[in-house]
Amino acid sequence: LQLEPAQVTDAEINDAITLALQRRPELQAIAVLKDTTRLDLDLARNQRRPVLDFALAPGRDLGPGGIGTTLKAGVIFELPLRQRTADGRIAQAQLKLQKLDLEERTLRQQITTEIYDTASAINTAWQRYLATKRELEAAIVLERGENQRFLLGDSSLFLVNQRERATAEARRKADGEAAESALRLGVNDRQRVQAALSGLGFDEPEGTVPDAVAISL
């Protein structure tokens, strides 16, 4: 199976952005901090509220004239008078949430930009590959035509050699662009890189293709 380098589609870019925004550890860390800060904010707000507790306590009255088993009921009401500490914690938590929101928006934009930039680099490499492939195809056609003219006595060996050299140079350039496009696309196993190279007729000996550096979207 021969594999040509390929471009990244808009759908793949959108899927990569969605996946990155869901799984990037930086965003997950911010989400944890926001949850913790919201808990601190709720706790500080609770400290500003009055507290009303209803208490029941069973007992026994065993003294002279005692009535035996008793049940005592009471109401406890607490009204915080000094709320500066709670107000300070509320303001601090709110400020921290605002800061985390800003960091999250900035990070989301950075991640999205990184993915678009990566996709652009991949597609640029793919376009260069297509251009060099067309150049190779044209060189092959010209070489074959020159050979035909030589057989008919309408050309010279010098011109045939020139066409062969042009074809070899075009093949070398196309091989390089195919390899770069495959690597940029994240093809990190040797068989797929080999297939991309062999698609242009470049048969690299086993073990000479460098490990690809994969790029994620």
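Residues numbered from 1 in each chain as written. Predicted model: local features only at pLDDT ≥ 70, side-chain atom pairs only at ≥ 80, totals over all residues. Heavy atoms only, no water.

A. Inspection of the nonpolar core at higher detail. Counting residues in each nonpolar core, the largest one holds 13 residues, and the members touching the most others are Val8, Ile13, Leu107, Ile111 and Ile115. Of all the secondary structure elements, the ones that give two or more residues to this core are α1 (10–23), α2 (25–48) and α3 (84–151). Here this core gets 6 residues from one element, more than from any other, and that element is α3. Ignoring any residue separated from it by four or fewer positions in sequence, one finds Leu107 in contact with Glu26, Leu27 and Ile30. Core analysis: the next-biggest nonpolar cluster, separate from the first, contains 5 residues, Leu41, Ile90, Ala93 and Leu97 among them. (Core = buried A, V, L, I, M, F, W, Y, C linked by side-chain atoms within 4.5 Å. Buried < 20%, exposed > 50% of the residue type's maximum accessible area, 1.4 Å probe, protein only. Helix = DSSP H or I, 4+ residues; strand = E, 2+ residues; numbered from the N terminus. Contact = heavy atoms within 4.5 Å.)

B. Looking closely at the packing of α2 against α3. One can describe the packing of α2 onto α3 by two numbers: an axis separation of 9 Å at closest approach and a directional angle of 160°. It follows from the interaxial angle that α2 and α3 lie roughly antiparallel. Relative to α3, α2 is oriented so that their crossing is left-handed. (Axes fitted to C-alpha atoms, helices over the stretch in contact; angles between N-to-C directions. Parallel < 35°, antiparallel > 145°, perpendicular 65-115°, else oblique. Left-handed = near helix turned anticlockwise from the far one by under 90°.)

C. View of α1. Between the first and last C-alpha of α1 there are 20 Å, a value that for 14 residues agrees with the 20 Å anticipated at 1.5 Å per step. Of all the residues in α1, the buried ones are Ile13, Ala16, Ile17 and Ala20. Across the axial projection of α1, the buried residues extend over an arc of 100°, all falling on one side. In α1, the exposed positions that point more than 90 degrees away from the buried face belong to Asp15, Gln22 and Arg23. The secondary structure elements touched by the buried residues of α1 are α2 and α3. (Expected span 1.5 Å × (residues − 1). Arc of directions from axis to C-beta.)

D. A look at the pattern of salt bridges. Inspection of the entire model under this criterion finds 10 salt bridges. For the salt bridge of Glu26 with Arg24, the shortest nitrogen-to-oxygen distance reads 2.9 Å. For Glu26, a relative accessible area of 32% corresponds to the partly exposed category. Judged by relative accessible area, which is 24%, Arg24 ranks as partly exposed. Asp101 serves as the salt-bridge partner of Lys34, at 2.7 Å between the closest nitrogen and oxygen. One end of the pair, Lys34, is in helix α2; the other, Asp101, is in helix α3, and 67 residues separate them in sequence. Since its relative accessible area comes to 27%, Asp101 is described here as partly exposed. The network of salt bridges with shared partners includes Lys34, Asp101, Glu104 and Arg108. (Salt bridge = Lys/Arg side-chain N within 4 Å of Asp/Glu carboxyl O.)

E. Spatial organisation of α2. The end-to-end C-alpha distance of α2 is 35 Å, a good match for the 34 Å that 24 residues give at a rise of 1.5 Å each. Within the span of α2, buried status applies to Leu27, Ile30, Lys34, Thr37, Leu41 and Ala44.

F. Quick look at the environment of Ile111. Inspection of the secondary structure puts Ile111 in helix α3. Accessibility expressed as a relative area gives 1% for Ile111, which makes it buried. Along the sequence, Ile111 and Ala20 sit 91 residues apart, while their C-alpha atoms lie 7.5 Å from each other. Not counting residues within four places of it along the chain, the set of residues in contact with Ile111 comprises Ala20, Leu21, Arg24 and Leu27.

G. Up close: a nonpolar patch on the surface. A cluster of nonpolar residues, Phe150, Leu151 and Leu157, forms a patch on the protein surface that exposes about 320 Å² of accessible area. Summarising the element assignment, Leu157 is placed in helix α4 (residues 157–184). (Patch = residues over 30% accessible without salt bridge, like charges linked within 9 Å, V, L, I, M, F, W, Y side chains within 5 Å. Areas by Shrake-Rupley, 256 points an atom, 1.4 Å probe, with all protein chains shown as cover.)

H. Examining the confidence of the model for the protein more closely. Chain-level pLDDT for the protein is 74 on average; 70% of the residues reach the 70-or-more range. The secondary structure element of the protein with the lowest average pLDDT is helix α5 (residues 190–198), at 33, and the one with the highest is α2, at 89. For residues 187–217, every residue scores under 50 in pLDDT, and the model assigns this stretch 52 contacts once sequence neighbours within four places are set aside. (pLDDT = per-residue confidence, 0-100.)

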